[in-house]
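An overview of the molecular structure
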Amino acid sequence: DVSRSMDFGSGPLTKFAWSRALLAALSWLAQRQGDRVGSLPLGGDLGAAVPPSTRHLPLLLQTLSRTVPDGTAPLGASLERLAELAGRPGMLAIASDCYDAPAAIQRGIGALRARGHDVMLFHVIDADERDFPYEAADTFADLETEARLALNPDEVRDEYRRAFAAHRVEVEERVVADGAAYLAITSDEPLARALRHWLEHRRRPERGRCCHSA
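**Considerations on the packing of helix H3 (residues 75-85) against helix H4 (residues 102-114)**
Packed helices, taken two at a time, are described by their axes: the angle between them and the distance between them. Interaxial distance between H3 and H4 falls to 7 Å at its minimum, and their mutual angle equals 10°. For the element pair H3 / H4, the angle class is roughly parallel. Facing H3, whose interface residues are Leu75, Gly76, Leu79, Glu80, Leu82 and Ala83, H4 presents Ala104, Ile105, Arg107, Gly108, Ile109, Ala111 and Leu112. Within the contact of H3 with H4, the residues separate by chemical class into 9 nonpolar, 2 polar and 2 charged.

**Describing the pattern of salt bridges**
Counted under the stated rule, the structure contains 8 salt bridges. A salt bridge links Lys15 to Glu129; the shortest N-O distance between them is 3.0 Å. With Lys15 in helix H1 (residues 15-32) and Glu129 in helix H5 (residues 127-131), this residue pair connects regions lying 114 residues apart in the sequence. Residue Lys15 is classed as buried on the basis of its relative accessible area, which comes to 1%. Several salt bridges share partner residues, and in doing so they unite Lys15, Asp97 and Glu129 into one network.

**Observations regarding the nonpolar core**
Core analysis: the biggest nonpolar cluster contains 19 residues, and Leu79, Ile94, Ile105, Ile109, Leu112 and Val175 have the highest contact counts within it. Formed by 16 residues, the second largest nonpolar core is a distinct cluster that contains Leu22, Ala93, Ala95 and Leu183.

**Quick notes on the layout of surface pockets**
When its volume is computed, the largest pocket comes out at roughly 780 Å³. Along the wall of the largest pocket there are 26 residues; nearest its centre are Tyr99, Glu129, Ala141, Asp142 and Tyr160. Broken down by secondary-structure element, the contributors of at least two residues to the lining of the largest pocket are strand S4 (118-125), H5, strand S5 (138-141), strand S6 (148-151) and helix H6 (153-177). Here the element with the most residues in the lining of the largest pocket is H6; it accounts for 5 residues. Split into classes, the residues belonging to the lining of the largest pocket amount to 16 nonpolar, 3 polar and 7 charged.

**Points about the packing of H1 against helix H7 (residues 191-202)**
Here H1 crosses H7 at 40°, and the two axes come no closer than 10 Å. With respect to their mutual orientation, H1 and H7 come out oblique. For H1 against H7, the interelement crossing comes out right-handed. Contacts from Trp18, Ala21, Leu22, Ala25, Leu26 and Leu29 in H1 reach Leu191, Ala194, Leu195, Trp198 and Leu199 in H7. Of the residues contributing to the contact of H1 with H7, the split by class is 11 nonpolar, no polar and no charged.

**A closer look at the sheet that holds strand S3 (residues 91-96)**
On the basis of which strands lie adjacent, the open sheet formed by 3 strands has the order S3-S4-S7 and parallel pairing. Of all strands in the sheet, those bounded by a partner on one side alone are S3 and strand S7 (181-186). Averaged over all pairs of adjacent strands, the angle between strand axes in this sheet comes to 15°, irrespective of strand direction. Here S4 runs beside S7; their pairing, made up of 6 bridges, is parallel. By the bridge assignment for S7, Phe122 is matched with Leu183. Lying over the sheet, H1 contacts S3, S4 and S7, oriented at roughly 150° with respect to S4. Against the sheet, H4 makes contact with S3 and S4, and its axis sits at roughly 155° relative to S4, the strand it touches most.

How each quantity is defined
- Residue numbers here run from 1 along each chain, matching the order of that chain's written sequence.
- Per-residue local features are limited, in this predicted model, to residues with pLDDT of at least 70; the limit for side-chain atom pairs, both in listing and counting, is 80 or more; totals at the level of whole chains, interfaces and linings are taken over all residues.
- Excluded from the side-chain calculation are hydrogens and water; included are all heavy atoms of the structure.
- Angles run from 0 to 180 degrees between N-to-C directions of axes, and those axes are lines fitted to C-alpha atoms, restricted for helices to the stretch in contact.
- Per the convention used, a helix needs a DSSP run of H or I reaching at least four residues, while a strand needs a run of E reaching at least two, with both numbered from the N terminus.
- Any angle that is under 35 degrees is reported as roughly parallel, and any over 145 degrees as roughly antiparallel; angles of 65 to 115 degrees are reported as roughly perpendicular and all others as oblique.
- In what follows, residue pairs with any heavy atoms lying within 4.5 Å of each other are defined as contacts.
- Here the nonpolar group is Ala, Val, Leu, Ile, Met, Phe, Trp, Tyr, Cys and Pro; Asp, Glu, Lys and Arg are the charged ones; every other residue, Gly included, is treated as polar.
- Whenever a carboxyl oxygen of Asp or Glu lies within 4 Å of a side-chain nitrogen of Lys or Arg, that contact is scored as a salt bridge.
- The cut-offs for exposure are 20% and 50% of the maximum accessible area for each residue type, with area from a 1.4 Å probe on protein chains only; residues under the lower value are buried, those over the upper are exposed, and the others partly exposed.
- Residues belong to a common nonpolar core when they are buried Ala, Val, Leu, Ile, Met, Phe, Trp, Tyr or Cys residues joined through side-chain atoms within 4.5 Å.
- Cavity means a closed set of points on a 1 Å grid over the protein atoms alone, one where a 1.4 Å probe fits but cannot get out, pocket means an open set with protein on both sides within 12 Å along at least 5 of 7 lines, and lining means a residue has an atom within 4 Å of a point.
- Grid points are joined across faces, edges and corners, and a volume is the space filled by probe spheres set on the points.
- Crossings are assigned a handedness: left-handed for a near helix turned anticlockwise from the far helix by less than a right angle, right-handed for a clockwise turn.
- Two strands make a pair as long as DSSP finds a minimum of two bridges between them.

See below:
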C-alpha cells in the first residue's frame, strides 16, 4: 500500500518503511524456495509493477527501494484493480494500514479470492495511531486528504480508541469471512512475528505458488 497515510511513523520506521522491509524479506524467502516473486504498488503508479518471475528478486528489491508512499487511490479499489491485473492464481502478501471502509476492503479481497488467489493481509498499525497518546491540544492533519482539525486529545481519546478498535475488528472479520488470512501488527514489532505467521500459513498443504503485492 503506497497511500500517503503509510508515511506516518512515531518510531524509527514509518508504516511504509516497515512494510517494505517485510515484503522484501518475504520475497527473498519465496525466491529461495523457487517461487516466482513480483510486486505491485497498491494505489500508486502501475508502471512500477514487477511481474512475477523466478529471476525478478533483484528488480523487485530495487523497485521497492525507490518506491515512495504518494498514492491517492483507496485500498478497496486498488485491490479490485489488482484482481483484474494479476495473472494465474498465487499467494498474495498485502501490507496496508487499511484506511478504507471495511466493506470496500472486503470487496477487493473477495475479488482476489474469486480469481483463486490465496491472500494474506498484514494490517500494519503505528502504536501512536492506535493509542492516541497525545496530551496537548493541537491541530491534527490527515495525510490522505490534508484536512486539518483542531483537537483536545483528552476530550476525544476514549472515543477515538473505540472507533479505531472497532474498525480493525471489522476489517479482520470481513477479510477472514472471504477466506483470506489476516494479521494485525504494529510497526515497532520485529519482523520475525510476521515472517513466522507467513511461513506457518504457507505450510498448509493446499497453498500455491508465491507472488507478493506491496
